[in-house]
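Chains, contacts and geometry: an overview
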4 protein chains.
Amino acid sequence: MNTFGEILRLTTFGESHGVAIGGVIDGFPAGITIDMDFIQGELNRRRPGQSALTTARAEGDRIEILSGVFEGKSTGCPIAFEVRNENQRSGDYSTLKDLYRPSHADYTYTEKYGVRDYTGGGRASARTTISQVAGGAFAKLLLRELGVKVYAYTSQVGDVVLHKNYQELDLENIDSNPVRCPDEAMAKVMADEILRTKEAGDTIGGVITGVIKGCPVGLGEPQFGKLHAKLAYAMMSINAVKGFEYGSGFAGVSKHGSEANDIFIRKADGKVGTRTNNSGGIQGGISNGEDIYFRVAFKPVPTLLKDQESVDVNGNPVTYKAKGRHDACVLPRAVPIVDAMAALVIADAYLQSKGSGRFVK
Amino acid sequence: MNTFGEILRLTTFGESHGVAIGGVIDGFPAGITIDMDFIQGELNRRRPGQSALTTARAEGDRIEILSGVFEGKSTGCPIAFEVRNENQRSGDYSTLKDLYRPSHADYTYTEKYGVRDYTGGGRASARTTISQVAGGAFAKLLLRELGVKVYAYTSQVGDVVLHKNYQELDLENIDSNPVRCPDEAMAKVMADEILRTKEAGDTIGGVITGVIKGCPVGLGEPQFGKLHAKLAYAMMSINAVKGFEYGSGFAGVSKHGSEANDIFIRKADGKVGTRTNNSGGIQGGISNGEDIYFRVAFKPVPTLLKDQESVDVNGNPVTYKAKGRHDACVLPRAVPIVDAMAALVIADAYLQSKGSGRFVK
Amino acid sequence: MNTFGEILRLTTFGESHGVAIGGVIDGFPAGITIDMDFIQGELNRRRPGQSALTTARAEGDRIEILSGVFEGKSTGCPIAFEVRNENQRSGDYSTLKDLYRPSHADYTYTEKYGVRDYTGGGRASARTTISQVAGGAFAKLLLRELGVKVYAYTSQVGDVVLHKNYQELDLENIDSNPVRCPDEAMAKVMADEILRTKEAGDTIGGVITGVIKGCPVGLGEPQFGKLHAKLAYAMMSINAVKGFEYGSGFAGVSKHGSEANDIFIRKADGKVGTRTNNSGGIQGGISNGEDIYFRVAFKPVPTLLKDQESVDVNGNPVTYKAKGRHDACVLPRAVPIVDAMAALVIADAYLQSKGSGRFVK
Amino acid sequence: MNTFGEILRLTTFGESHGVAIGGVIDGFPAGITIDMDFIQGELNRRRPGQSALTTARAEGDRIEILSGVFEGKSTGCPIAFEVRNENQRSGDYSTLKDLYRPSHADYTYTEKYGVRDYTGGGRASARTTISQVAGGAFAKLLLRELGVKVYAYTSQVGDVVLHKNYQELDLENIDSNPVRCPDEAMAKVMADEILRTKEAGDTIGGVITGVIKGCPVGLGEPQFGKLHAKLAYAMMSINAVKGFEYGSGFAGVSKHGSEANDIFIRKADGKVGTRTNNSGGIQGGISNGEDIYFRVAFKPVPTLLKDQESVDVNGNPVTYKAKGRHDACVLPRAVPIVDAMAALVIADAYLQSKGSGRFVK
């Protein structure tokens, strides 16, 4: 299953060290201006080697559009794109061939498929998220037409927690530091934590917060297809994600209903809204026009520059230590993946809402 | 979107006070013995009026199978089932007609659909989870053939937290008390918390923990369709759920990779396994044969037996106080919904795995 | 696979002699008036026992709506419906249990599923088309709002061919005779052919022509999802159908392009149209606003009131002669199935077109 | 909608004169040897310029695999492929920009999408069937493992009809002449008809017959998803197709049931089979192990090398005559498209059958 979405469908392909990574976006409406600089810019946000915090593997990650765009506009036909890999199985991967790296997908892929592309992580590599980021960039171009804005930022690294909520932050400021935390002071503390971890050859996890502003009322389907269920599914599709919560989340379970309920009010503009927003902008699975916000938990990435025990495909004990350059903390580069997936969800739900809901000729 | 699953597909229907609630299960394999007592028993676990902790609305909730079962076995044809409602729009709902109840779906349904069945919550009522529980019961009959066991239990009510992990509990003991917490002592504390809340006309949230034992290796699809993404989607489809985490979850984000990684070992039976299980039984989106475990956050249900402010459909301020009998805490009755949805996910992923993965004639 | 459609999805269930036959319609827009008399009327058109031409098995086939309709209007929630069977496995079917009836689905069901509901044809019975007719009736209510009209009529019975094309006929006249051929004279000849066949204990096939008027321009998706491919799929889903053609069809293959091409012209109303309509109202898979017309081939139904050779499940030779009342020609009762399936296709394509095509906010 | 299939899913992309044409095959099982010579050979069968009968536009149509194949075997990950276009919008298409060519998709695309890639037919070009042929080649590699053989051949060109049925022909002989008719004498007559048409600047249609041998019993789903409905949908997805019939087809409608029924017998090998095969190898939508055969009607392609009337996008009358090299008869090159689509259907139904039908652990 490499397709995401119901109406706006992203089908992805590619392995870390194969020929190319890419995707096909089907169901993208016609007539939308395709801003290639913006799309490449989004990929650059994900690209390794942006700072001392992330892996130094320098890759161009240049995107090429193969179809579906004509004279600068989408045509309604499938948009295929690809990023050619520069490291096409060039190295020596013989040590990985028969090894099950701890907390990687080596064992499960081998059991499920019998064969496994063991070069650079193959299909399970986080490098494959290029497809999600590119797909999300197209979704953002669609959302731009609707005035919807999608943000994500690092709100926790290890034990370093940003305690401000999103309303206290300038979300236009996210990319102003390498951690992608819009609070400069906390960003520095997080950066220190990452560097300290890196020096130890270790890795560290964290939390990314997502915020969607300007989402139209009425997106999402009741029962299955709830907007927050789609968001959860999208986020859990990102490598290393272990948890998702929206609105009041896990912390809200200890509240009483009388504290947690969002009271409806008539707002200044005459529209109905809520006084608080514990609902996180979604009620009964459908967007209510308030901000949507959510949190995504990332485990520490499993690739360590220190010795680890494991077994090989025959079950024999081995010791393994990764070589090369790897992220000590995936969060700074995961931020553009989180906002890309969120954009895909909202754009898809928007298009879906046109054929469902109240009948309009 | 009222269909869940890829191969084993549950399509649900029904409103709280309509004619019937039910569903159609498509893709259910042929030749499986259909144990009607078991299925009715699962519905009884969800049924209101089981104890002083839950709403006293006494309903039979008798299931009738309409198709797809012949001489006690599934035929491979769609299995339709229904539960007739005994309270079919009998009461007076005129006060609800124009009201937006706080933190309910009244406002979003009205905006999305224009019309709304305002009797008893309509389609947004938790009563519609009858369909999920019944669908899950069929899935459990399939999993029974595979030796897979699915458990869920209440692990937190408000601030009352069960600190034992699932290995320290007797999971066969879940139904031995009305809270559905397999630790008798903690169950009592939770029950007290619920009763105290109920007396105050208020409601309280909590956490349900799910555990899946005996899951075959190789279920789940990489990229999209990851087994934990399907579980997250399933859980977020349950009314009042605000968060999902599996394995090390949110707490694990502050660990280092060297602590969090699950070391592969050769187990006593000669098979490959892991020493720890922070992965929660899923690696790269695919089950690895270890126990799958996860946690689901439930907000306090929004229906209070005390006055609340709100607005009506015209935006005019109103005061609203629910009448009748309502659950002060949804968790005891949500336990069978959580395990039902988990069973649907695993059964679907199992059937999906037969047509994917390594080629076998 | 018992679900039809992409956006407007009909999921069907039921066996000939089971508890009930029915379906769930998901994705039906909210706010459409549900005319129950019209829906029951459509089922009555399919019902057996309407004339001497069709089986005399008298059934009420009363439809009951279980959900999704509130105060006479669709709510956007799934619409479940059912028709209870009056002949629930009441008879003696022991002779059918181990028999493979010629040109029926007995053998293939047994091989695929292992178990088989052998009473009255089970799931393979044409009685299950109740679900399609009911689903199509809802689709017609939607199309009524758009001014789209869907017609079907018997245009051939055995060797008796109606040589007029649809423009020469009064399509409002279809139901004026039991054959459902709008040419009274030919209808009589066809009726005679059917009665002659019936007296011989034999059966006969034929052709049904479908016509869709007022279809909006732009329905259908290029590549896969072509409007005529959806129609073909829909028609081939009807029991006993062996062929489908639209526009110039099979006869048109021997024409030259210079004869077959439809020249574009500006029509009297200023709009672009075509001078001829060999395209059958669909170009590149997308409706062009001209009439859509197609033909559907039905084989003679295989149930004969005369001796036939066959084998039983052990491969032993047997002789079989059907008992009871069976249609000698299925076409008169298949007409409402053809127009129902066509209506489902157009309604679904219409809803699909709202989320695809050119971007409109 | 540019995705075909349920389990084995082909997503296609590309325009005639864009950067590349290609696709992504998802759900392809792991461990199957990928014979690149075979795949390129299948594309060569579709390629223009093979003989005097087809367009002389010489293109390499070299396929490149981007993912999903490792060390010569499929990995279970999505297989992306592309064929770069050599004629990337190099010519002058200004005359096509505002023109609605008769019986092409220019008008409907413009109405649906607002924008249109008018170079070389854009997405509606038959050149996009490269994706289907490549996808089908992969499907054939899978079917090869099962011993299933898929054939297609030209059985009619204009009025020239091959009256032999498939059993009288050597199907291994199809590619021995440029018409792809396995009867050498008739192939010559057809070739003459095509050349005569070509000289007149005109085009001609015809019929392609498909045959599938060795199909396992039990493929196809009852109700929706019938094997012949999938075949019909697949064939109707090919450009210029106007009709589909299988087994006894349209001709069989005038037969009586007593002539048309296929009598079950015990075959020499002890298995159950049928004496005749009017059912075309499919009963109740499910394959019965007999040969599957069907016929596909192709209209004459609309591009003529002679003057035609039409209108432009403003509705003004224009005269249009195509330039360049175009096929006078599409059938010889459509043969590999028909067998490719048939292979995709059978491979998909095979994989689908593994997760449905009787329960097997």
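Details of the structure are given in the entry above.
Residues numbered from 1 in each chain as written. Chains lettered and ligands numbered in written order. Predicted model: local features only at pLDDT ≥ 70, side-chain atom pairs only at ≥ 80, totals over all residues. Heavy atoms only, no water.

Moving on to the overall build of chain A. Broken down by element type, chain A carries eight helices and 19 strands. For a compact globule of 361 residues, the expected C-alpha radius of gyration is about 21 Å, and chain A comes in at 21 Å, within 12% of that figure. Projected onto its principal axes, the C-alpha positions of chain A cover 65 × 50 × 35 Å. Once local pairs closer than 6 in sequence are excluded, the contacts in chain A between residues at least 24 apart make up 69%. Accessible area for chain A stands at about 11,300 Å²; split by element, carbon and sulfur atoms hold 49% of it. (Helix = DSSP H or I, 4+ residues; strand = E, 2+ residues; numbered from the N terminus. Rg over C-alpha atoms; globule rule 2.2 N^0.38 Å. Contact = heavy atoms within 4.5 Å. Areas by Shrake-Rupley, 256 points an atom, 1.4 Å probe, with all protein chains shown as cover.)

The next point concerns the relation of the copies chain C and chain D. Each copy of the sequence occupies a distinct position, and chain C is placed on chain D by a rotation of 180° and an axial shift of 0.0 Å, giving an RMSD of 0.0 Å. Put plainly, the chains are arranged around a two-fold axis. Both copies share a contact surface, since 100% of the interface residues of chain C are interface residues in chain D too. (Least-squares fit on C-alpha atoms with pLDDT ≥ 70 in both.)

So, about the pairing of strand 9 (residues 149–157) of chain A. Remark: a regular strand shows side chains that alternate across the two faces of the sheet. All names here are of chain A. Counting buried positions over the nine residues of strand 9 gives eight, a clear majority of the element. Judged from the two bridges that link them, strand 9 and strand 10 (residues 160–161) form a sheet pairing that is antiparallel. In the sheet register, Val-157 faces strand 10, and the bridge partner there is Val-160. Hairpin connection of strand 9 to strand 10: two residues between the antiparallel strands, including Gly-158 at a positive phi of 55°. (Buried < 20%, exposed > 50% of the residue type's maximum accessible area, 1.4 Å probe, protein only. Pairing = 2+ DSSP bridges.)

Counting residues at the interface gives 108 residues for chain B, matched by 107 residues for chain A. The junction of chain B with chain A conceals about 8,300 Å² of combined surface from both sides, 57% of it contributed by carbon and sulfur atoms. If you sort the residues of chain B by the area they bury against chain A, B:Lys112, B:Phe224 and B:Lys242 come out on top, with a joint share of 11%. Connecting chain B to chain A are four salt bridges. (Buried area = accessible area lost by both parts, 1.4 Å probe. Salt bridge = Lys/Arg side-chain N within 4 Å of Asp/Glu carboxyl O.)

A separate point is the sheet that holds strand 1 (residues 3–4) of chain C. Residues and elements named next belong to chain C. Overall, antiparallel pairing links the five strands, which are arranged 1-2-3-7-4 in an open sheet. Edge strands, defined here as strands with exactly one partner in the open sheet, are strand 1 and strand 4 (63–65). The pairing of strand 4 with strand 7 (residues 79–84) spans three bridges and is classified as antiparallel. Following the sheet pairing, Ile-63 is matched in strand 7 by Val-83. On top of the sheet, helix 4 (residues 129–146) reaches strand 2 (9–13), strand 3 (20–26), strand 4 and strand 7; it is set at about 155° to strand 2, its chief contact. (Axes fitted to C-alpha atoms, helices over the stretch in contact; angles between N-to-C directions.)

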